[in-house]
Amino acid sequence: MQCLITFVTKRARGGTVNKDNLVNADVVRFGRATDCEVHLPDPRIALRQVELHLREGGLFIESLTGTDLTVNGAIVRSALVHPGDKLAIGPYDVTINPPKAGIDAAVSIEMARPLSDDLAQLHERSRVSLGATALSKRGLSWSLFVLVVLLFLVAPVVAYLSPGAREATKTWPIKADTAWNSGEISNAHKFFSGDCGACHQKAFVPVEDKACIACHKTIEQHADPKSFQMADLHKFGCQSCHKEHEGSHPIVLSNQQFCVQCHESLATLAPKTALLNTADFGRAHPEFRPSVVTGPGEIKRVSLADKPQERSGLIFPHDKHLVPEGVRSPNGRMKMDCGHCHVPEPGGRLMMPVKMEPMCDGCHLLKFEPTRLDWVLPHGRPADVIRLVRGLYDGLALRGGVEDPAAPAAVRRRPGTPLSEPERLDALAWAEKRSNDMMPIVFGRTVCGACHVAKPDTATPGSFVIEKPQVAQRWLPKGAFPHDRHATMVCGDCHQATKSASSEDVLLPPIAVCQNCHTGAASASNKISSTCVSCHKFHLRELGPMFDAASMTGLRTQ
Amino acid sequence: MNQSILVYRRFRYLKLALLLVLASVILYAFHQPMRVPNGGTWLGYTLGTIGVLLILWLMWFGIRKRRYGGGKVMLEDWLSAHVYLGIALIVVATLHTGFQFGWNVHTLAYALMMIVIASGVFGVYAYIRYPLLMTENRRGTTLDQMLAQMAELDRECRDAAMGLGDEINRYILASSQETRVGGSMWRQLSGRDASCPTHRALAQATGLAAKAQREEAAAMRRVVTVLQRKCDLVTRARRDVQIKAMLDVWLHIHVPLSFALLAALVAHVISVFFYW
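Every value quoted in this text rests on a predicted model; they were computed, and no experiment measured them.

Draft legend 1. The arrangement of the sheet that holds strand E12 (residues 105–111) of chain A in detail. Residue and element names in this part refer to chain A. Strand order in the open sheet made by the seven strands is E2-E1-E12-E11-E10-E7-E8, with mixed pairing throughout. Of all strands in the sheet, those with a lone pairing partner are strand E2 (16–24) and strand E8 (74–75), marking the two edges. Across six bridges, the pairing between strand E11 (residues 92–97) and E12 is antiparallel. Bridge assignment links Ile96 to a residue of E12, and that residue is Val107.

Draft legend 2. Structural view of the side chain of Ser80(B). Tracing the backbone through its elements, the reader meets Ser80(B) in helix H3 (residues 75–97). In contact with Ser80(B), other than residues within four places in its own chain, are Ile5(B), Tyr8(B) and Tyr13(B).

Draft legend 3. Molecular detail of the domain arrangement of chain B. Residue and element names in this part refer to chain B. Domain assignment breaks chain B into domain 1 (2–138 + 248–274) and domain 2 (143–246). Averaged C-alpha coordinates put domain 1 and domain 2 at centres separated by 46 Å. Residue-level contacts link 10 residues of domain 1 with nine residues of domain 2. Together, the buried faces of domain 1 and domain 2 total about 980 Å²; carbon and sulfur atoms form 57% of this surface. It is Tyr130, Asn137 and Arg138 that lose the most area in domain 1 upon contact with domain 2, and together they represent 53% of the buried surface on that side. Counting the contacts that link domain 1 with domain 2 gives one salt bridge. A salt bridge links Asp240 to Arg138; its shortest N-O distance comes to 2.7 Å. Seen at the junction of domain 1 and domain 2, the total is seven residue pairs in polar contact (both at pLDDT 80 or more). At the level of elements, helix H4 (105–138) and helix H9 (214–274) are the ones that each hand at least two residues to the side of domain 1 that touches domain 2.

Draft legend 4. Region of interest: empty space enclosed by the protein. Residue and element names in this part refer to chain B. For the coordinates displayed, the defined rule picks out five cavities of 30 Å³ or more. Considered as a void within the structure, the second largest cavity measures approximately 50 Å³ in volume. In this structure, the second largest cavity is lined by Arg180, Gly182, Arg187, Gln188, Gly191, Arg192, Asp193 and Arg238. Taken together, the residues of the lining of the second largest cavity sort by class into no nonpolar, three polar and five charged.

Draft legend 5. Broad picture of the interface of chain B and chain A. Opposite the 63 residues of chain B that make contact, chain A presents 60 residues. Taken together, the two surfaces of chain B and chain A that pack against each other cover about 5,300 Å², and 65% of this comes from carbon and sulfur. Per-residue buried area on chain B facing chain A is highest for Arg35(B), Phe274(B) and Tyr275(B); these three make up 16% of the total on that side. At the boundary of chain B and chain A, one finds three salt bridges. Here Asp118(A) and Arg158(B) are joined by a salt bridge, their closest N and O atoms 3.0 Å apart. Only H4, helix H5 (143–161), helix H6 (166–178), helix H7 (185–190) and H9 of chain B provide two or more residues apiece to the side of chain B that touches chain A. Classifying every residue of the side of chain B that touches chain A by side-chain character gives 36 nonpolar, 17 polar and 10 charged.

Procedures and definitions
Residues numbered from 1 in each chain as written. Chains lettered and ligands numbered in written order. Predicted model: local features only at pLDDT ≥ 70, side-chain atom pairs only at ≥ 80, totals over all residues. Heavy atoms only, no water. Pairing = 2+ DSSP bridges. Helix = DSSP H or I, 4+ residues; strand = E, 2+ residues; numbered from the N terminus. Contact = heavy atoms within 4.5 Å. Domains from an automatic or database assignment. Buried area = accessible area lost by both parts, 1.4 Å probe. Salt bridge = Lys/Arg side-chain N within 4 Å of Asp/Glu carboxyl O. Polar contact = N/O pair within 3.5 Å; in protein donor to acceptor, adjacent residues only side chain to side chain. 1 Å grid on protein atoms, 1.4 Å probe; cavity = no way out; pocket = protein on both sides within 12 Å on 5 of 7 lines; lining within 4 Å. Points joined across faces, edges and corners; volume = space filled by probe spheres on them. Nonpolar A, V, L, I, M, F, W, Y, C, P; charged D, E, K, R; others polar.

Shown next as structure tokens:
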């Protein structure tokens, strides 16, 4: 067929340029290949894109690539075309023209959609700076600022002002009332840790003592306010020592610097004090000064360095009781140890008082009459003992049957024989003499005097008095020594009882013994760091409440 | 120039920062608080106050640097001091905390501050290292010139491939129409594009060139040569964008988190005295 191909080119200044090309071929091929009848030099066109045939029915167009062919706007694979039809082949617009005489077909072709400018497109596709992305420093800055202010400043303040709002935010991942919490509450106070207002009663006001006294009404003084009006104590509120929000551990101040700032120069600060200066248990602590009984009703603090003697009125040689071979007892030799007499109190810290019964009377039976071993005196007051002894001899004399040849006949008579009045008086006279003779033995070394200091009563002849035993309940009442926490040691490590022959010995270890294991605040590799509060308390029970309970207004000074 | 910020005035601000650090450490070492060290002791308040003032001053640098020629003190002084005192803040603020941390606004402020400082330290590193790499990478051209060359090569490649098969033409068309430099923040920072159309086209062309015959082979070799040049350009252009992004990205953390820090700091200070 004869086909007229017209290439239409638009001119920059308007108008068009037509370039005709007459093709004679059975099939007119459109494509990028140079051997195509219609050469379309564009990378978007296939080597062979479409073909134009002349058949009996007319002029057919057929796509060889399957796509990118439209006839009058409709995508087709092949179609019968007529003059006037508008085709699009890739970026080219093709118009079927009415053929002139002698020509089978005529088409005009125009590049309608040229490739865009590569550089402009490349610039458009490429974002070459972070500023060109959605990331904006300014926007992000303000967003974060506002977010943090809302979550961590506005929300907690709103929660403070409105309990309802606080409740509402309880389920939020960031809780308004805990975002400000600077640390864990101590275990003792944890049960009300959700109630900030219990302590923080006013905003921008430090926690006041009255918040503490609300519970700790009876918290005691540290120094006797009558003797030591230490103005300095006013400065210290509860918070000076007891800081909260610092973890679950107790909030008792263990740093001894607080104590030492007064106690290292107490003699100057409070000249009336009986306390000695101290600064550190390891370096500068005075020798222990136990409160010992120095005489009837007299208790004094005497330094262990001065070998204190306790006038307890009791006789007890520890060494005799702790001999390795054991002591003689009704049941043979018995090895004694400290625990025979010294039993820890239920709390385990201190020892129970030692009692005659049942600790001593297993061996020390109060018998005095060699002929009457069935007679056993009770552990009681001297007057009762004297009365009992006299009664025993009276009864013996009146009953008769005494085998002492020096005794009157009435006393030696066969028991059950009736007594005349003179005989009775004889017998009682014997009994009185006998009991008077025995009294020094009863109150002597073998019975009462074995343990007690007994003397004849100068006011009442024939009577005896026993010095009242006085044993210090606690030799070191100002310090706490928990026996239970030293259970890994044996008693003899501290108390030299096996070498003590006298009950006047105060069997406390000197401070050097404690310092074998304990040092002061400074940590040492092989010693236990011990500060003032390891043994001493700040609030002293015997000094009464620190605060005026009625007004709850502050430190009590008078 | 960049180096000189660190050695500026013979390390004057390094010495100042070291002095601050040393003073803080010595005070902390000899400080014996009643209980555990924390922000509430006299030293804690002192270090905290120094920290707040430092942070405000460091943030003022963002304003000062925009005032060209403003102020009596040189901008270099400001930057040198900004760097060294900012790093010194790590010690001052850490000692202020007394090593007490928790899930709260106080530790939030600390964490934000540490991230801001860390990003700043990276910024110092970037400003020392990347400009050299950038110069090396550019080989005397600019990014715009590289892009123009790429566009030129696209045209050249299309012309060379005009007589070649449809498949390679599709790849080449994609290379010229879809290749991009940079893009999202991640693409810019990574400096690569796993599905780069130019590299795909080169791989395809190389494969086809091996099989091509006669005159097609000559055209194919030309296409391969052009695509290789374009690949080299694309890689260098992406590296250029990457280096610029590295020089820039830390500021996108440094600045916004500084503002978050400022907010957390305000909340921290207010909260501490609110619940005194």
